[in-house]
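Per-entry structural report
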Amino acid sequence: MEREVKTYVLKRPAEEAAPAKLSIDYAAALNPQQLAAVTAGDGPSLVIAGAGSGKTRTLIYRVAYLIDSGVDPSNILLLTFTRKSAQEMLERAGELIGARSRRVCGGTFHSVANLLLRRYGRGIGIEPGFTILDRGDAEDLIALCRAQLGLNEKDKRFPRKGTIMEMVSKSENTLKSLDEIILEEFSHFADHAEDLGRLQKAYQAAKRQKQLLDYDDLLVALRQLLLLDETARQTISSQYRYILVDEYQDTNRLQAEVIRQLTTAHNNVMVVGDDSQSIYAFRGATFKNIMDFPVLFPGTKIYKLEENYRSTQPILNLANCIIDEAAEKYTKRLFTRKIDGPLPALVEAAGENAQSRFIAQKILELREEGVPLSEVAVLFRSSFHSFDLEIELSRRGLPFVKRGGVKFIETAHVKDLLAHLRVLANPMDTVSWHRVLMLVEGVGPKKAQDLLAALVKSDKPSDVLRGASGRSGQGLKNLADTLESLSGAGEVRPAEQVNHIYEYYLPILKEQYDDYPKRTRDLDHLHTIAEGYPKVSDFLADLALEPPDGSAIDVDAPDRDDERLVLSTIHSAKGLEWQCVFVIWVVDGKFPSVYSFITDDELEEERRLFYVSVTRAKRHLFLTYPINVYDKTSGMLLSKPSRFLDHVSSDLLDTLALVEEGGRGDWGRDSY
DNA sequence: GGAAATTGCGTTTTT
DNA sequence: CGCAATTTCC
């Protein structure tokens, strides 16, 4: 927007000129590199887009350009990292090209897979009514399978369910065998490789039999569908004749394969990404994916966007300096025309609370200077790093939203309530049955297993429950009554179902948690969300695929979103920008985390993560760290700023130490 | 035998 | 704080 409009002229050979009546002056709105990418012809293209280089803008204009040149919007598929970003992009494209952009299909790989599998999955044995398992559900199912195989009775330490899930998931996402993954990354569990293999098989069989799909299955199954069902593949790839993929550096092999399958018919695919911002290796993503793209798609044209429109030069200098140290990088040097701006600052605080108080105070100062709260973000490596700050901000009445960390949907009580809905929607969903049954007084693992076995055989669940005797008899009868009153699940609206089950569940909630008033508010929130859905199946699928972030805390001020600052994990801050960014806990051992010290690859990923955090800032950047913090897990005393700053020369970074105020040691109040 | 209560321990990042 | 192993209770 700040660009000189008249500087650029469309410099393309006449025969390549776009159709005569384009409605937008692309050359005026874009720089030459962006323009080249936006107006690229058919075939595969790769856009390497540095941080803040107008990547999103380019994609938006690309969508508009395609529509403008006569492509039917419903033939365009836009794959993004979150569904929200897809929506926002299509909205902005709509401002350029009109409401037609609404007909573009946009979403995450997972949401699109969900859609396509419900429509075409029958061909590979997937019924449209399948249930999506979120991370926690999937782990619970693994625990169930493990118990059935009797694998937890071994004396040698067997990996816990979360770890097993991690291994299995990585195997799926990297298209490697489980044995390979164990060997490469979990060698300390090599003894159990055989049992883990059996467990993986059992887990997969259980899912298939019960029509349950975890996140990875959505992609795996879509790939299967495209590979095996020729008719479906033809239909799908002629439906989506232009495919655009955002954040390609964070896709994995599996996703790359899905794209390849989707595009076999037409080869029209444009992917956009930045290898320096690849931060999802733990999910099987690799920045190499971006470099392999031309191999997977022969004839790829490559475009590079290097001009940064977001940050001032001092911030870019620091960012470039950090990424220069990276072991592997692809030459790309960001520059900007925003020369002036304050130097980024490195701030040393005595302890965690001093750090929090500094940030709160600085935010107030910035507000005086005219920087609104909505233009401020505090970023951190791990979700819990902001706990102290959250308390401090609340104390001072500074409103904030938190992104990342435990979602409200993942809290036990919300999952409990939802399990009842899911049982109604899919009576084969044994994971949810198990959860529901275990909540009943007098039911433990054994009884739950027995009931489960009977339930899957019967088509009248309530009879099975009523037939049970013993201590749990009354509880199971109540459950049966509640479920029965809601059966014919299709007809009862989600919000009403939530209400009914809420009544049944409330006594259990009160029994189980001392802090139940807080939790009932979450359930009220769930009810509000449910009101937006006419169909239970959509409600459940959406909750699994795009969980609303934050907990009930931020329901208080729903319409004053612009008045709040953002606290976010760096992962959740991807693609976003603010006038002022604080990165906290920039202390060696926290960031990079001690867990990443093991391998160089992990350390390199932490560096890229740091790079991402720094490049979120437009004008003000503060890196803060407490000194002399004892880290329980590593037993280390952390007192040195992040090693990523070791090679940063002092003229790129203002180094400050907080001084005591009023001579009473206000900044140093923390005790260790 | 099986459910419930208790203790000990490890704790990133997400669709 | 949540998970898994352990002890206590019915």
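What counts, and where the lines are drawn
Residues numbered from 1 in each chain as written. Chains lettered and ligands numbered in written order. Predicted model: local features only at pLDDT ≥ 70, side-chain atom pairs only at ≥ 80, totals over all residues. Heavy atoms only, no water. Domains from an automatic or database assignment. Contact = heavy atoms within 4.5 Å. Buried area = accessible area lost by both parts, 1.4 Å probe. Polar contact = N/O pair within 3.5 Å; in protein donor to acceptor, adjacent residues only side chain to side chain. Helix = DSSP H or I, 4+ residues; strand = E, 2+ residues; numbered from the N terminus. Nonpolar A, V, L, I, M, F, W, Y, C, P; charged D, E, K, R; others polar. Buried < 20%, exposed > 50% of the residue type's maximum accessible area, 1.4 Å probe, protein only. Pairing = 2+ DSSP bridges. 1 Å grid on protein atoms, 1.4 Å probe; cavity = no way out; pocket = protein on both sides within 12 Å on 5 of 7 lines; lining within 4 Å. Points joined across faces, edges and corners; volume = space filled by probe spheres on them. Phe/Tyr/Trp six-rings, centres within 6.5 Å; stacked < 30°, edge-to-face > 60°. UniProt positions renumbered as here; feature names shortened; annotations may be inferred.

Looking at the domain arrangement of chain A
Buried accessible area, meaning the area lost when the parts come together, often serves as the stated size of an interface. Structurally, chain A comprises domain 1 (26-118 + 219-305), domain 2 (132-210), domain 3 (313-405 + 559-657) and domain 4 (409-549). With 12 residues of domain 1 in contact, the opposing surface of domain 2 contributes six residues. Contact between domain 1 and domain 2 buries roughly 680 Å² in total, counting both sides, with carbon and sulfur atoms accounting for 60%. Between the two partners, domain 1 and domain 2, sit two residue pairs in polar contact (both at pLDDT 80 or more). Every element with two or more residues in the side of domain 1 that touches domain 2 is listed here: helix H5 (109-120), helix H10 (215-228) and helix H12 (253-263). The leading source of residues in the side of domain 1 that touches domain 2 is H12, at three residues. A per-class count over the side of domain 1 that touches domain 2 returns four nonpolar, three polar and five charged.

Regarding the pairing of strand E14 (residues 565-569)
In terms of burial, E14 is a largely internal element, five of the five residues being buried. Side chains Leu 565, Leu 567 and Thr 569 project from E14 onto one buried face, and the interleaved Val 566 and Ser 568 project onto a second face that is buried too. Where strand E12 (residues 376-380) and E14 come together, four bridges link them in parallel fashion. Along E14, the bridge assignment pairs Leu 379 with Ser 568. Looking at chain direction, strand E13 (residues 400-403) and E14 are connected through four bridges and run parallel. Along E14, the bridge assignment pairs Phe 400 with Leu 565.

Topic: empty space enclosed by the protein
Applying the stated criterion across every chain yields a total of four cavities of 30 Å³ or more. Each pocket or cavity is described by its volume, and for the largest cavity that value is around 110 Å³. Together, Ile 132, Asp 134, Asp 137, Ile 409, Lys 415, Leu 418, Arg 422, Leu 540, Leu 543 and Ala 544 line the largest cavity. Taken together, the elements giving at least two residues each to the lining of the largest cavity come down to helix H17 (412-425) and helix H24 (536-545).

With respect to the packing of aromatic side chains
Between two aromatic rings, the relevant description is the distance of the centres plus the angle of the planes. Applying the stated rule across the entire model yields 13 aromatic pairs. Each ring, one from Tyr 26 and one from Tyr 61, has its centre 6.1 Å from the other, and the planes form 80 degrees; the classification is edge-to-face. Residue Tyr 26 is located in helix H1 (residues 26-29), and its partner Tyr 61 is located in helix H3 (residues 55-68); the two are separated by 35 residues in the primary sequence. For the pair Tyr 26 and Tyr 61, one class covers both residues: buried. Both rings, one in Phe 582 and one in Phe 622, keep their centres 5.0 Å apart while their planes meet at 15 degrees; by these two values the pair is stacked. Of the two residues, Phe 582 sits in strand E15 (residues 578-583) while Phe 622 sits in strand E16 (residues 617-626), which places them 40 residues apart along the sequence. Neither Phe 582 nor Phe 622 differs from the other in exposure class; each is buried.

Description of the UniProt feature "binding site: ATP" (unreviewed entry) in chain A
The positions that UniProt labels "binding site: ATP" (unreviewed entry) are, in the present scheme, Ala 49, Gly 50, Ala 51, Gly 52, Ser 53, Gly 54, Lys 55 and Thr 56. Classification of Gly 54 by relative accessible area gives buried; the value is 17%. Here Lys 55 lies in helix H3. Among residues more than four places away in sequence, those in contact with Lys 55 are Ala 49, Asp 246, Glu 247, Val 272 and Leu 305.

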